[in-house]
Each structure stands twice: as C-alpha cells, then as structure tokens.
Amino acid sequence: MSAWFGGLGSGLGQSLGQVGGSLASLTGQISTFTKDMLMEGTEEVEEDLPNSRRKEVEAIHAILRSENERLKKLCSDLEEKLEASELQIKQQSTSYRSQLQQKEVEISHLKARQIALQDQLLKLQSAAQPVHSGAGAPSTTTSSSFSYGLSHHAPAFHGDDMDFSDMISSQQEINRLSNEISRLESEVGHWRHIAQVQGTNSSDQSEICKLQNIIKELKQSRSQEIDDHQHEMSVLQNTHQQKLTEISRRHREELSEYEQRIEELENLLQQGGSGVTGTDYSKISEMQKTILVLQNEKAASTKNIEELEGKIEDINKKLSAVENEREVLKREQEQLSVEKRQVIERCESLKLECSKLQLSALKQSEPVAETERILPRSSSAEEVLRLQQALSDAENEIMRLSSLNQDNSLAEDNVKLKMQVQVLEKEKALFSQEKEELQVSLSKLSDEYEVIRSTATGDMNLNLELQDLRFHLEAKEQELTQSINEKEMLIAELEELDKQNQEATKHVILIKDQLSKQQSEGDNVIRKLKQDLDDEKKKVLQLEDDKMNITKELDAQKEKLTQRELVLSDLHLTKQELEDQVDDLVDQLSKSQKDNLNIQKENLELKERIRQNEEELSRVRNELTHSLTQDSDSNLKDDLLKEKENEVRNLKQNLSEVEQLNENLKKVAFDLKVENENLGLECEDVRHQLEESVAGNSQISLEKNSIIETLKREKEQIEAKLCQAEKRLLEHADKYKQTIEELSDARNVNTSALQLEHEHLIELSQEKDFEIERLKKSIEQMASDHEETKEMLASNLEEQKQLTQLVHEKDICIEKLKEKSSELQEELDKWSQALRTNETLKQTIEEKDRNLGSMKEENNHLQEELERLREQQSRALPVAEPKTLDSITELESEVSHLNRIKGHLEEEVKHHQKVIEDQNQSKMQLLQSLQEQKKEMDEFKYQYEQINITHTRLILEKDEEIKNLQKNIEQIKAQLHEERQDIQTENSNIFQETKVQSLHIENGSEKHDLSKAETERLVRGIKERELEIKLLNEKNISLTKQIDQLSKDEVGKLTQIIQQKNLEIQALHARISSASYTQDVVYLQQQVQAYAMEKESVLAVLNEKTRENSQLKTEYHRMIDIVAAKEAALIKLQEENKKLSSGFESSGQDMFRETIQNLSRIIREKDIEIDALSQKCQTLLSVLQTSNTGNEAGGVNSNQFEELLQERDKLKQQVKKMEEWKQQVMTTVQNMQHESAQLQEELHQLQAQVLVDSDNNSKLQVDYTGLIQSYEQNETKLKNFGQELAQVQHSIGQLCSTKDLLLGKLDIISPQLSSGSSCTSHSAESPRAGKSAVPSESSQFLQQEVEELRKSLQEKDATIRTLQENNHRLSDSLAATSELERKEHEQTDSEIKQLKERQDVLQNLLKEKDLLIKAKSDQLLSSNENFTNKVNENELLRQAVTNLKERTLILEMDISKLKGENEKILEKSRGKETEYQALQETNMKFSMMLREKEFECHSMKEKALACEQLLKEKEQGKAGELNQLLNAVESMQEKTVMFQQERDQVMLALKQKQMENSVLQNEVQHLRDKELRLNQELERLRNHLIETEDSYTREILTAEDREAKLKKKVTALEEKLVSSSNAMENASHQAVAQVESLQEQLNVVSKQRDETALQLSVSQEQVKQYALSLANLQMVLEHFQQEEKAMYSTELEKQRQHISEWKIKAENLEEKVLSLQERLDEANAALDSASRLTEHLDLKEEQIEELKKQNELRQEMLDDAQKKLMDLVNSTEGKVDKVLMRNLFIGHFHTPKHQRHEVLRLMGSILGIKREEMEQLLNEDSGGVTRWMAGWLGGGSKSVPSTPLRPSQQFVLNSSFSELFVKFLETESHPSVPPPKLSVHAMKPLDSPARRKLGTNEPESFKGSAESRTGRRADLNPFLAPRSAAVPLINPAGLGPGGHLLLKPISDVLPTFTPLPVSPDNSAGVVLKDLLKQ
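Residues numbered from 1 in each chain as written. Predicted model: local features only at pLDDT ≥ 70, side-chain atom pairs only at ≥ 80, totals over all residues. Heavy atoms only, no water.

Concerning the overall build of the protein chain
Counting its regular elements, the protein chain contains 30 helices and zero strands. If you take every contact in the protein chain between residues at least 6 apart in sequence, the share linking residues at least 24 apart comes to 89%. Taken as a whole, the protein chain presents about 125,000 Å² of accessible surface, with 55% of it coming from carbon and sulfur. (Helix = DSSP H or I, 4+ residues; strand = E, 2+ residues; numbered from the N terminus. Contact = heavy atoms within 4.5 Å. Areas by Shrake-Rupley, 256 points an atom, 1.4 Å probe, with all protein chains shown as cover.)

A few points about the nonpolar core
With 15 residues, the main nonpolar core has Met1781, Leu1784, Met1803, Phe1861 and Leu1865 as its most contacted residues. Listing elements by their share of this core, those giving two or more residues are helix 22 (1778-1790), helix 23 (1796-1807), helix 24 (1811-1819) and helix 26 (1856-1869). Per-element tally for this core: the top contributor is helix 23, with five residues. For Leu1784, the residues in contact, after removing those within four places along its chain, are Val1799, Leu1802, Met1803, Ile1806, Phe1857 and Phe1861. Within the second largest apolar cluster, 13 residues are counted, among which are Leu110, Ile174, Ile181 and Val188. (Core = buried A, V, L, I, M, F, W, Y, C linked by side-chain atoms within 4.5 Å. Buried < 20%, exposed > 50% of the residue type's maximum accessible area, 1.4 Å probe, protein only.)

Some thoughts on empty space enclosed by the protein
Of the voids in this model, the largest cavity is the one considered here, and its volume is about 310 Å³. Surrounding the largest cavity, 17 residues form its lining, Gln518, Gly522, Ile740, Leu743 and Leu761 being those nearest its centre. The biggest single contributor to the lining of the largest cavity is helix 9 (residues 496-630), with seven residues. Here the lining of the largest cavity is built from residues that sort into eight nonpolar, six polar and three charged. (1 Å grid on protein atoms, 1.4 Å probe; cavity = no way out; pocket = protein on both sides within 12 Å on 5 of 7 lines; lining within 4 Å. Points joined across faces, edges and corners; volume = space filled by probe spheres on them. Nonpolar A, V, L, I, M, F, W, Y, C, P; charged D, E, K, R; others polar.)

Some remarks on the pattern of salt bridges
Between side chains of opposite charge, a pair can form as their charged atoms come close. One pass over the full model with this rule turns up 25 salt bridges. Measuring nitrogen to oxygen at the nearest pair gives 3.7 Å for the salt bridge that ties Glu908 to Lys848. Here Lys848 lies in helix 11 (residues 751-875) and Glu908 lies in helix 12 (residues 881-950), a separation of 60 residues in the sequence. Looking at Glu908, the relative accessible area reads 34%, which means it is partly exposed. The partly exposed category is assigned to Lys848, whose relative accessible area is 23%. A single network of salt bridges, built from pairs that share partners, joins Arg65, Lys72 and Glu939. (Salt bridge = Lys/Arg side-chain N within 4 Å of Asp/Glu carboxyl O.)

A short note on the side chain of Glu536
Here Glu536 is to be found in helix 9. The buried charged residue Glu536 lacks any salt bridge partner; its closest oppositely charged side chain belongs to Lys539, at an N-O distance of 6.1 Å. (Lys, Arg positive; Asp, Glu negative; His and termini not counted.)

Focus on a negative patch on the surface
Negative charge collects at one region of the surface, where Asp77, Glu80, Glu83, Glu86, Asp811 and Glu815 lie side by side. Counting only elements with at least two residues in the negative patch, the list comes to helix 1 (2-128) and helix 11. Counting residues per element, the negative patch draws most heavily on helix 1, which supplies four residues. Assignment of secondary structure puts Glu83 in helix 1. (Patch = residues over 30% accessible without salt bridge, like charges linked within 9 Å, V, L, I, M, F, W, Y side chains within 5 Å. Charge placed at Lys NZ, Arg CZ, Asp CG, Glu CD.)

Side note on a positive patch on the surface
On the surface, a cluster of positive charge is contributed by Arg1602, Lys1605, Lys1608 and Lys1609. Its location among the elements puts Lys1609 in helix 20 (residues 1520-1647). Residue Lys1609 is classed as partly exposed on the basis of its relative accessible area, which comes to 38%.

Right, here's the structure in full:
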C-alpha cells in the first residue's frame, strides 16, 4: 500500500510540474490575445444591438397579439359554458335537496321500524336459545349488521350542503335498509315458528337450513325483478321525454300562430280607431266653418229684417210647421248625442283597460309587451288580456311538463300527460272562441264606424240643403223685384194699392222665411254649444282620470320612499359588516401576536439546541485531543474544528435571523394597526355618506311633496276655471233662449228694438266664438304637450337601457379579464413546475459530472501506476515475470472494466445534456407564450380603455370621488419618493456586496490546497495568477462603474465582456489547480458568474425601474400643474362671470339711461325749437299788422326778411342735425341688439367651458386610476425583486455548502496522499541512488561492483517480493475499491437525495439568513429611519389630502355657484331681451315723435315761406291777401292741433297694446315654466312607475317559481307515498306468501331433516367463518369510510386553499396587467422621445457615414499592416536571431571569468531556461562549458519569449561585455527609416503629463500589476519585445478608450501608446540597461 501511494504521489508531482510549465509559457500570450479580442467584441456588439432589440420587440408584439386573440376566443367559450353549467347546477341542487329531505324522513322511519324489528328479534332469540344452541350465529350477524347500520349511518345528513354523491349514498342506504327489513321480517317469522314448535326434535335444524336457502333464492329472484323493473322504468322515461318534447314543440308552434293572429287583429283595430278619430276632427273643423258662414249670414239677415217688419203676421203659420220640423231634428240630434256618449264611455273604459294592460304587459314576455304598447284605445283590449293569460298559463304548463321529467313513476306521468293534452285541447277551443269573439267585435266596430260616418254625412247633407234653399230664396227675391219693377212701369197709378198689398204679403213671407232661417241657425248654434259642452265634460273626465293616475303615481312614490328606507337599512347592514371586518382584523392582529409568542418560544428552543450543539462541540474537541495523541494526522482535526466553528457561526447567524424575523413580525403588527386605523377612517367616511344620503333623501321627499302640492293647486285652479267656463256657457245658453223668446214675443214690437237686440246678440255670439276658439287652442296645446312628454319618456327609457347595457358589458369584460388572468396563472404554475424539474435534473447532471471527473482522475492515477509497475518489472529479473504478468493482466482487466463504466457514464451525460437542451427549448416556448399573453393583456387593456372612454359621461356624475383620488395621489407621491430612495440604496449595497462576495469566493477557492507538497510547487504560479485575477477584478469594478453611466444597450454588451473575462479566469484556474479540485472550482466559478450575470440583469431592471419612477414623478408633477392651472382657470372664469354679470347689468342700464336721456333731450330741443318758431310766426304777424303804411316799415321789413332767411338756414341745419341724431340713435339701438347677441354667445361659451372642466375632471380621475395602478405594479415588482434576490442568495448558499463538502472530502484525501508519498519517495530514492553509484565506481573496482550487484540482486528480490505482495494487495484492493465505489455511488446517490430533502430547509434558512444579515444589516437601519420618515410624511400627506378635499369641496361649491350664476345670467338676459323689446318700442315711439316734430318743422317752414311770400306781396302793396294768409295760418294751426290729438290717441293705443303684449309674454313664460315642471314630474313619476312595475313583476315571477317548486315537491311526495305504500303492500303479500309456502315446505323439510343433520354441522362452521369474515369486512368498510371522509375533508380544504390561491393569483395578474399597461405607456413615451432623437440620429448618421469612409480606408491599411506583422511573427516565432546569439557567444569569452555566470544567465533567460536549472548547471564545476553548450544546444528548441521580471529583481552590471552588448543593441535598434515629422503638440514623451495623470487615476494595485504584467511596454525596444508588447495596436482595457490605434487620431486629451521614436529623456540605452538588469 505504501509503495502504491508513493507511486501515485510521484506521478501526481510529475504531471503537476508539466502542467505548471505549460501554464507559465501560455499565460502571457493568452492574456494579450483576450484583451485584443474583448476590445474588438465591444465595438461589434455596440453596432449590432439596437436593431436586433427592435426586431425582437416586434416579434414579441406579434406573438402576443395572436395569443391574445386565441385567449379571447377561449374566454368567450368558457363564459358560455360556465353560465350553462351554473344554471344546470342550480336546478339539480334544488331537486336533489328536496329529494334528500324526503330520503332523510324515509331513513328515520325505516330506522325506527328496524329498531322495533330488532327488539322483536332479540326477544325471539332469547326465547329460542334454550331449545337450539346453534342459533347464536345468525343472531350475532344480525346484531352486528344492525349495530353497523346504526353506528355508521346515524351521523349522516346533518349538513345543509348536500351533493349528488350524498344523494346516491342515501338512496343506497334506503335500499340496504329495506333489504335488511325484509330479512329481519323473515327471521322474525322463522323464530316465531321455532318458538311455537318447541317440542319438536333435532330435525328442526335441517328445516331451518332449508328455509334459509329458500329465503336466499327468493331474495335473488326479487333483486332480479327489481333490476328488470328499473330497466323498464328507464325505457318508459325515455319514451315519456320524447313525447313531452313533441307536445311542447307543437304547443310552441300553436302559440306562435296565435301571437301572429293577435298582431294582425291589433293592426286592424289601430286602423279602425284612427279612422274614427279622424272623422271626429273633420266634423269639428266643418262645424267651425259652418258657424263662421252662419255668422256672416246673420249679419246679412239683420238688414233684411228692417225691410220685412210689416210682413211678420203671414209668416206665423209657416213658423208652426218649421217648429215641428225643428222638434224632429232635435230628436234625431239627441239620439246622435246619446250614441256619441256611449262611444265616449266605451273609449274611457278602453283607456282604463289599456292602462291595466300596460301594467300586466310588463310582466309578460318582450314581444307581447311590444304588441301591447302598439294597442289602440279600442274595444278589443279584453280579448287581448284573455290571450295573454292563456299564453302565461301555457308557459307555466310547459315549465311544469319540463319539471316532470325528473320524476320516476311513469303511470302517473302518463295520466298527467293525458290530462295536459285535454287541457291543451280545451285551451285550443278557448282560443278559437276568442278568435271568433275578436272577429265579431271587429265587425261591430266596422258597423259602428259606418253608422258614425252616415250620421256625419247626414249632418253635412242637411247643411248643404239649407245652403241650397238660401240660394234659391235669394234668386227668387231677385226675380220678384224685377217683376215688381216691370209691373210698376206697365200698370198705372190705379194699381199701386194692389201692388202695395202684394209687396206687403211678399214682405211678410220673406220675414217669415228669414225668421225660420234665424231660428234654425240658432238651433244649430245651440246644438254646437251643447256638443262643445259635452266635449268639455269629456275633457273634465279625462282630467279626473289624470288626477287618479297622479294619485296612483304618488302612491308609487311613497312605495319608492319605503324602498329607499330599505336601502338605508341595507347600508346600515353594510356598515355593520364593515365593523365585523374590523373585528376580524383585530382577531388577526391577536393571532399575529400569538404567532410572535410562538416564534419567541421557537427562539428559546433554538437556543437550547445551540447549547446542546456547544456541548457536542466540546465532546468532539475532547475526542479530537484524544485522537491527536493517537494519530499523527493533524490536518483532519483542524478541518473538523473549522467545520464545527463554521456550524457555530451558522447557528449564531440563525439566531440573528430569527431576531430579524421577530422585528419583521413587529413591523407587520404595526402595519396591521395602521390598516385598522385606515379601516376606521373608511367606516367614518361610509357613515358620513349614509348621513348625506339620508339628508338627500329627505330633501328629495320634501321637493316631491312641494311639487305634488303645486300640482294639486294647479289642478284645483284648472277645475275652477272649467267650472266657471261651464257656468258661463250655461248662462250664455239661457241668454240665447231668452233672446229667442224675446224675439218671438217682440215680433210685432218696433223694428228699432229688434235691431238693437239683434246687434247685441251678434256681439255676444262673436264673443262666445272667440272664447271657444281660445279653449280649443289651449286643448290642442295640452295634447301636443302630452305627446311631447310621452316622447321624452320613451327617449329617457331608451337611454337608461343603453346605459344598463353598457354597464353590463363592462362587468362582462371585467369577468373575462379575471378568468383570463386565472388561466394565465395556471399556465405560469405549470411552467414553474417544469423549471423546478429542470433544476433537479441539472443538479443530478452536475453530480454525475463530478463523479465522472473523479473516475477520470482515478483512471489516470491507475494508468500511471501501471506504467511504473511495467518499468519496474522490465528492470526486474525474468524469474518474477509470470507473477507480474498475472498481476498486469488483472490490472488490465480492471482498467477495461473501468473504461466501460466510463463509457456508460459518458452516455448518461449525453442523455442528460439532451434533456437539458429539451428543457431549454421548452423554456424558450414558455417565454414566447408569456410574451404572447402579455400582448393579449395589452390588447385587453386597450379595449378596457375604450370602454372607460365610453363611460366618461357616466363618470361625470361621480365628481365626489375626486376627493379620494387626490388623497391617494399625495400618498403615491410620498411612496414614490421613498421607493426611489430605497431602490438607490439597495442598488448600491447589492452591487457592492455581490462583487465582494464574488471576490471572496474566488480568493477562497484559490486559497484552498490539495496538499503541502503540491502547494510548495504551485505557490509562485498562484501568486502571479492572483495578481492577474486582482487586475481583472479591478477591471470588472471599473467596468461596473461604466455600466452605471451607460444606457440599457451598453449594459448588455458589458455583461457579455464580463462573461468572457470570467471564462478566462476559469481557464486560468483550471490550468493552475489539479484535476478533481479544479473541476469543482470551475463549476463553482461558473455558477458564481451566472449569479453575477443575474445580479447585473437585476441591476439593469432596477435602473429601468428608477427611470420609470422618475417618469411617473414627472407625470405626477405634470398632473398637479394641470390641476393648479385648472383651479386658476376656474377662478378666472368666476371673476370673468362676475365682471360680465356686473358689466352686463351696468352697461345695459347705462345704455338704456343714455339712450332715454338722449331721446328726451332731443325731444326737448325739438319742443323748444317749435316754441321759438311759433313765437317768430306771431312776431311776424304782429309786424305785418303794424306795418301797413309808411316807408319806415319797408326798411324794417327788408331787415326782418333777411333775418327770416338766416333763421330758415339755421332751421335747415338743425333739421339736418336732428336727422343725424336720429341715425345715431338707430345705430345705437342696433349695436345694443348686436351686443345682446354677443352676450348670449359668451354665455354659451361659458357653459361649454364648464362642460370642458367637467371633462377634465373626469380625465384627472382616469389619470389618477392609472397612477394608482402604476404604484401597485411598482410594489409588486419590488416584491418580485426581493424574491429573486432571496433565490439568488439561496443558490449562493447552496454553492457554498457544496464547496465546503468538496473541500472536506479533499482534506480527508490529502493526508492519505501525503503519507503515501512519503513512503514511495523513500522507495524511489533507493534505486536512483543505486543507479547513480554504479557508473561512477565501475572503472575502479570490479569486485566491489560484483558484491554490490549481488547485494542489489538480493535487495531487488526483496523488492520484487514486496512488489508481488503489493500487486496482490492492489488487485484485491482494486476489486474491493471498484465494488466499494459502486456501492458508494449508489449510497451517495441515495444519501444525496436524503440530504437534499433533509438539509434543504436548514441550509436555506441558515445560508439565506447569513447573506441577508451581511447584505441588509445596514439596510435595516436605513429602512427604520425611512419608515419613521414615511410615517411623518404620511401624516403630512394626510393633512395635504384633507386640504385637497377642502379644495375640491370649494371647487364643487364654486362650480355649483357658477351654474346658478349662469342660470341667473340667462334669466337676466331674458329680462334684458324683454327690456330691449320695450326699448325698441320706446324708440319707435320716439321716432314717431320725431316724425311729428319734423312734420311740425315742415309746416312751420311752409308757414315761413308763406310769410315771406306775404311780405313780398306786402312790399308790392297787396294788403288784402294778408287776411287770407292769416286765415290759412289759423286753419293750419287748427289742423296741427287735430293732428296732435290724433297722435296722442295713437300713442295711448300703442302703449296699451305694448302693455298687453308684455302681459301675454309673461303669461306665456309662466305657462312654459309650468309645462317644464309638469314634464319633469311626469318623467320622474313614469320612471318610478316603471321601477315599481319591474319590482312587482320580479316578485310575481319569484312567487310563480316558488309555486311551481312547491307543486313539484308535492307531486314528488305523493308519488313517494304511493310507491312506499305499494312497497309495503307487496312486502306484506310476499310475507303472507312466504309463510304459506314455508308451512307447506315444513312437511317436506321434516322428511329431509335426518339427511341434512350432517350438512348443518358443516354449514354452522361455515357460518361462523362467514361471521368472522363479515365482521372483518365491516371493520374494513368502516376504516375505508373513515378514510374517505378524511380524504373528502382534506380535499375540501385543499380546494378552498386553491381557490384562495387562485384569487390571489388573479389579483396579481390584474396588477401585472396594469404594470404591462404602464409599460406600454412608457414604451409610447419612449417612442416619442425616439422620434425626437431621430433628428439627432440623422445628423450623427451623416457624420458616421463620413467616418465610415475614413474607417474603410484605414481598415485596409490596418489589414495590410496586420498581415505583414502576422507573417513576421510566424517567421520569427520559435527562432533566435543568429547575430544576437553570435555576439552573446563572443561576448561571453570577452567578459571576465567572475562575471561570465551573469552572461550565461542572460542567455538562459533569452532561451527560456529556468533559473533553477541554470543555477544547477553553473554549480556543477566538473561539467563546465561542455555541459553549458550541450544544455544550450539541446534546449534551444524550447525558445519562448521572455516574460520580463519585476523591478525589484534588478541589479547593476558593470562589466565590459554588458556595455558592449548595450552598444551593439543600440546600433541595431536605431530605425533605418527617418522618424515621422510631427507637430510640437503631437510629439509627446511617453512619460508625459497625460500619462502621469492616468497613472494617478488608476489604483496602486493596478499600477503594480500592470508593471509586472506588461513589463513597461512603453519602455521596451520594439525590435526585442514580442508583437503584443512592442506594437500595442489596441489599448489595454482600463487605460483608455477602446479601438484600434492606427484608426485613432493623436490628440492632447487621450494617452497615446503608438511606437513613436523614444524621447531624449528615455533613450534606448536606458531601456536596454533595464532589460539587462532583469
């Protein structure tokens, strides 16, 4: 064993040494290459990423849309299925519950009967026991069965919620009990028989057995019969259902035919009714026309009466005949009036019936309701009622028939079917009778219509005949006058007396005719007045009916008030429920406190466990101390102590985590208290709302009462007016009668009195006609108003229906969204399960990989050992060959076996990789489906927003909710500020912690070692690699700093770079460390990098969230600004309204005053002018009178004439001014009118602005809801981030645990290896020593060699023996180890699974809490401070919310005030319009005055002209004409006085007319206001009626449903009673039959008794066995049933939990939907910003195109240069410069001897020889030059570019060789090409300030590492150093901006690393000296 371990250790050492050497040569090239590749990759990623991102987003969008549409279809289908299933379930549950109640009753009866039979059985058994001992077995069975029945079935059916399974079990129980009863009855009969026959012999036993067999056979036959009967029942039920469906189909067809017939009849009735009403209206119009014609004829007849006064005596005879005819006509008219009254009464009755029908129609189906709305007021309403009742009965019967399908008894069903068929036939007959009745009523209506038409035509004919008679009379009168004239011309004076007599007779006849005509006309007028009276009476009746209807509506309103009181009570109940919820929350608080106490107890328990663990630790330490004394291996104990200490630390961390949990629970309790306070506030708000609603209800009731009182008053006024009108009509009729009587009495009286009376009568008749026309107009107006109110009601109803439909649709959409969210949640759960399975598979694969790695390592070790053994065997003697061959073959077989195992493991790994790939594909599909679902959710949101837009009109009514909105807005403001703070702190802390953890993990993984021997070899390489790792970590930190500055796209690129660098680190670690350990470390590093990637993505998401929060903040500020702007706009509007109202009033009044003052001033001036003119005229007259003679007067007259001419001119100017004033006044009036129109337009604009403000308020509400949703989404996102962080921490903890386990295993392995290596080293050194000793002393002493050979042979024999023993041991140990490994693999698989199951909980708790304590110890303090700040801010926000509430209240008050002010302004504008009209009238008056004044001016001018003419004539000497002029002046003055009087009269008349017009306008406005009020009340009352009718119809429908259910229950109970009675009778008959058969069989059984005695004993034993098995089965059944109950209860609990979880998930999904909507909004905002950026991008693209062109040129240059460089590198790699080596070789001989070692060292460093080897070569004195030459020539092939050493290792050379060498290199290094000419600014030394600045900016570690790594590349000579050091085409990361150096311009700002000529400060000599020093 020791030899084996030694060989293993040596093999490991050799392999590790080779690995270390290869690593040292490769790291330099790899690091430079990876840096170049990384910098190129960043540029490529930066170009490619945004376009790909857009394409991905578009693809995701399309997928989500399609998925959304599919989910919509699914949702619609599922909703339909759900509704159908719910209806079915409701029906089934009601029927099942009724059946279950009946079954319970039956079970109780059967149990009672069973108990009675059991008692009887027990008595009989007690009686039969002394006779037969074998009777015990059946009794036990029966008792046991009975006890089982009692015990098991007693507790059943206590719950109310019975399912279908309960019903089935109850039915089974009933069957079982009935079977037991029959069995017990048979046993009772048997035992009775035994008791009677006590004296019989032992043959009774055989008889009993026979009887039992017979009973069994009878039971089997009975069960078969029952089965057959059930089968027949099912067949009959199927036939019954088919018949029912056929009958119901026929019934529906007949109903549809009847409905069509009813619609046709109603259409016919409508046509008839419209014709009748049309004829009535046409009659009225014709009557009015005839009245007007008759009045005209009356006026003509008065003139004829004056001529025919003397001829009245002859007409008296004809009057009697006319009176008879008049009486006949009166009778006919009375008959017509009676018929008309009958028709009117029928119409009224029809109206009442129609109102009843409308009430009943709402109860019926919609088509019937539509037909009843169309029904006219006709006599067919009763028939329609009957038809509707028949329809309802038929529908009820259909429902009853459908319910009967569930019943079982078919005989009764058939009877009922027959009865229903008969009922349907009867209903058919009734329908046919009703058809016939309807047809008869139609014929009657048509007959009545024809009669009415004939009467109307008769009246028309009478009127036409009267007119014809009048025309004939007039023609005859004309002919008579002509004949009289001819006779007067022909006959002489003698015949004058005859002619006079004849004329007198003719006059008398004409007077008689005219009087008869007047009487007939008077009669017609009286008839018409009577008809009008009748019409008015009808109207009065109609008004009374309306009054009744209004009283009904009042009652309905009272009912509505009661309903509102009920609603108030419901609100109180809801308040109580809220209080109960508060109590529940208090209970939850108490529960949480109890949980806190429990957690504290658990903490105490954990502390006790920790104490126990400490005790165990002390024990373990004691054992370790003991084991230290015994064993020499101390490493194991140290490791165990470390593990124990780690466990102690973990336990302490657990304690701290538990304390944190306690603190969190305290915080939760505090949050619950806060929520309780919020609930209390909400309860107070609800109470306030209740009080407000109560106050509003009281106000509404008061308003309604006031409206009702006003209606009553108006009705009373109308009734009083009607009474007055009736009285007036009666008085007028009496007056007419009196006038007719007076006319008949005063025929012979003077004609003058007749004329006066006749004129008076005509005037009265005209007044009456005017009144009648007014009344008719008012009636028509009322009718039109009534129709308008009807239309308004209909439109309002339609709008309400539309609104209800919209609300319903919205609810449906919400339900759909909920269902879809639930489905999405289900899918998410499925995919999460799949991900979990993937993780488990990954873990298993990782374990397999580890096992593979370990197996491979073991294989390598074994192969090395085999090679070593083969070498030893080849050295050994041939004697030992067969044994070694055997051992080798055994080892080879084991190796082949291991190879097979390896192949199997590789196949398993491939299989697991395939599984992983499949799972990744499924993950991708899942992501795609999720994206599609997101798209669908976006579309749903879009639809939802459209629905919200449609409902904004409804939301306008909800202005009160704005208060709550503003509260929540300020809460969101505070929470957003806090969240941003938290997120920023968390980002920084998490990022730093993750980086620190990754560094700790890497350092920790590097620090662990395999063994001391291996660590000594690898220390130097590991230190160098650690420096490189530090460099890379620092670069990572710098990159993370850049990530914070970069955008989202650049973050993705940098994460890729970090991945590549992490992969490099993994490669380095893999090459540094050994096989199994390195694989584990690499695996851990991969996981750490994956988690770092996840953390970086989380950070990117957090950055996005912060940006979203900032956007939300800006939106919120914008909303606040909008609110403030709107408030300012409202204030401005209020001020403008006030200004407008005040300005309107003041300006209107001022304008009116100004116009009146101007007009009055103008009139005064005109009056003054007229007075002045009149005075001038008088003076002129006086002058004319005085100046009759003398020349003095002539001179005076000429002067006065000139003055008069001047005054005339002045007057003309004044007239022009007056005309201008007139025009100005007209223009001012027109301007006022225009201003009034403008003011009205401004009013409309103000109203529109108010509407816009309300719309803005609604939009604000919508925005607020969006903000709330975004806030909730942010909360959910924060929760998700917390969960993800916890998962990441959990996974890191698992990794740490796995790492600890691996390290523990390695530590266990390492001491064994060390012990083995010590043994093997000793064994290996001995042959080496022997080998070295033999050749040195071979030439001197042969004998000694022979002796030594003998000794060596003996030693080798011993070693061969030991080797053989070791081989045997190895073979045994290999076989054992292979078996052990297999067993260990199996055990480890099982143990790993068990450990995972056990330790998952503990490790999750411990390690998550470790990380949480480290990560969030500082965050807890900050969060506590933030929490206190939040509390303060919440209080401030609450105050702000209250302020906002007050503001909103003030705004609402202001809005209401503005509305009131607008209404007032409208009223004022109306008043102003009336004032304008009055002003216009006054203007007209003033214009009339002006015209009169102008007329007076004209007259005065004419007078002045006349005076001038008179003066001229006076100058000529015409004095006589003065008198004529004076007379003309006087006449003109008189005319002017007359004109002024007439003007005054006209003005007075105009004023009166204007006053009347104003009064009429006021009355019209008053009537309009009344009409509006009445219409509003009518609408309200009708809405109330409709609501009450709906409620009544619902109650009636529910009552009908209840009646139908009760009927069904009654029928079912009756059927069950009949069935149970039949069953009882059958059972009794069967029992009697059985008794008889048993008595007959007893005789036969007595004969067979002896034969069956033996069988009885056997059967008894079988019975006992059966009894035992029965008891066992019963026990098993009981257990099964108990288990089933437990299963059911657990399943119920699980389902409830699932339901609660689904609800939570649905809420989460809704929140996700809202978050997706917010993301959409953000994406839209981003698109807007992108559209702005496109302009900048266009400019940038132009620049980029130019740069690309330059790039392409320079790229070509670069490619050429790189190709040349690559050629040079390929040509120079692996070669050494001959000149250099020659110079070195020559220089070696020129240098002094004591310094030649240094030259050799330099040459060795150039040739890649290690220092240790060089030192060994130099230390050997004997070798000398030959060995150096041989080593140099031999090792020349391994030339590797030298890695420069650290500056600390420099030393100074003073030799001549070094100086010569430096000179040679200087001469060689000078470039042949002249240096490029650069500007002074561009020629910058390499130690320039820019570079120094950069150096200062870098960290010190970075500087040192850079110096050690790159070896000061700037200081190197480009011809000596390798390509990566000499020409750094691409800058190293971290030193400056990336990119190819040939493409970069040399600037002042950026540091340059181009291969420029060396500055004079740093010459090439210095560089080479440094190189030589190294």
